[in-house]
Amino acid sequence: MEQLRDIIESRLKVVLPEDLGSSLMDGVVLCHLANHIRPRSVASIHVPSPAVPKLSMAKCRRNVENFLDACRKIGVPASETRSLVSVTTQTPPPAWQIWDVIGSSLVHVLCLVLLFIAYSWIELT
């Protein structure tokens, strides 16, 4: 988990709170990560504002759906993203299920990032 935190923080140049799960729950960081990997892959991101510091569940769900759509565009297998869509439609979804699927999707996205970095490195040498 700490390695995941380090990768996200270094790529997005942010400092995440101690509780990584809660900082990913609203989908904002996930959407920014997808846009970092492939610019404009998430066209619309709902972000908290000073007036409304907490997003509604609908906006959080939309962010996660946008992240999953971006994952599909990037190349994450549909079988991985489909399971999170079914989890997010439950009311309320079990937390362990959400983090299991998000973690799996993040692993795929991070593998794609590493492949991209490796490919770029080979092209430079």
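Up top is the structure.
In this convention, every chain numbers its residues from 1, walking through the sequence in written order. Predicted model: local features are reported for residues with pLDDT of at least 70 only, side-chain atom pairs are reported and counted for 80 or more only, and whole-chain, interface and lining totals are derived from all residues. Where side-chain values are given, they derive from all heavy atoms of the structure, hydrogens and water being excluded.

A.B. asks: How would you explain the side chain of Asn66 if you had to name every residue and give the values?
C.D. replies: Runs of H or I in DSSP of at least four residues are treated as helices and runs of E of at least two as strands, each being numbered from the N terminus. By the element assignment, Asn66 lies in helix 4 (residues 57-74). Take Asn66: its relative accessible area is 11%, and that puts it in the buried class. As used in this structure description, the phrase polar contact means that two N or O atoms lie within 3.5 Å; if the pair is within protein, one of them must be able to donate a hydrogen and the other to accept it, and residues adjacent in sequence are counted only when both atoms belong to side chains. One polar contact links the side chain of Asn66 to the main-chain carbonyl oxygen of Ser44, over a distance of 2.9 Å. Here a residue-residue contact requires only that any non-hydrogen atoms of the pair lie within 4.5 Å. With sequence-adjacent residues up to four places away left out, Asn66 is seen in contact with Cys31, Val42 and Ser44. For each residue, the accessible area found with a 1.4 Å probe, counting protein chains only, is set against the maximum for its type, and the residue is called buried under 20%, exposed over 50%, and partly exposed in between.

A.B. asks: Account for the environment of Gly27, with residues named and values stated.
C.D. replies: Relative to the helices and strands, Gly27 is located in the loop between helix 2 (20-24) and helix 3 (28-37). Look at Gly27 and you get buried, because its relative accessible area is 0%. Distance in space between the C-alpha atoms of Gly27 and Asn63 is 4.9 Å, their sequence separation being 36 residues. Leave out the neighbours within four places in its chain, and Gly27 touches Asn63 and Val64.

A.B. asks: Describe unusual backbone geometry, and please don't skip the residues or the numbers.
C.D. replies: Phi at Lys13 is positive, roughly 55°, even though this residue is not glycine. By secondary structure assignment, the location of Lys13 is in the loop between helix 1 (2-12) and helix 2. Residue classification places Lys13 among the exposed positions, given a relative accessible area of 71%. Its identity is not glycine, yet Arg40 carries a phi of approximately 65°, on the positive side. The topology assignment puts Arg40 in the loop between helix 3 and helix 4. Overall, Arg40 belongs to the exposed group, its relative accessible area being 74%.

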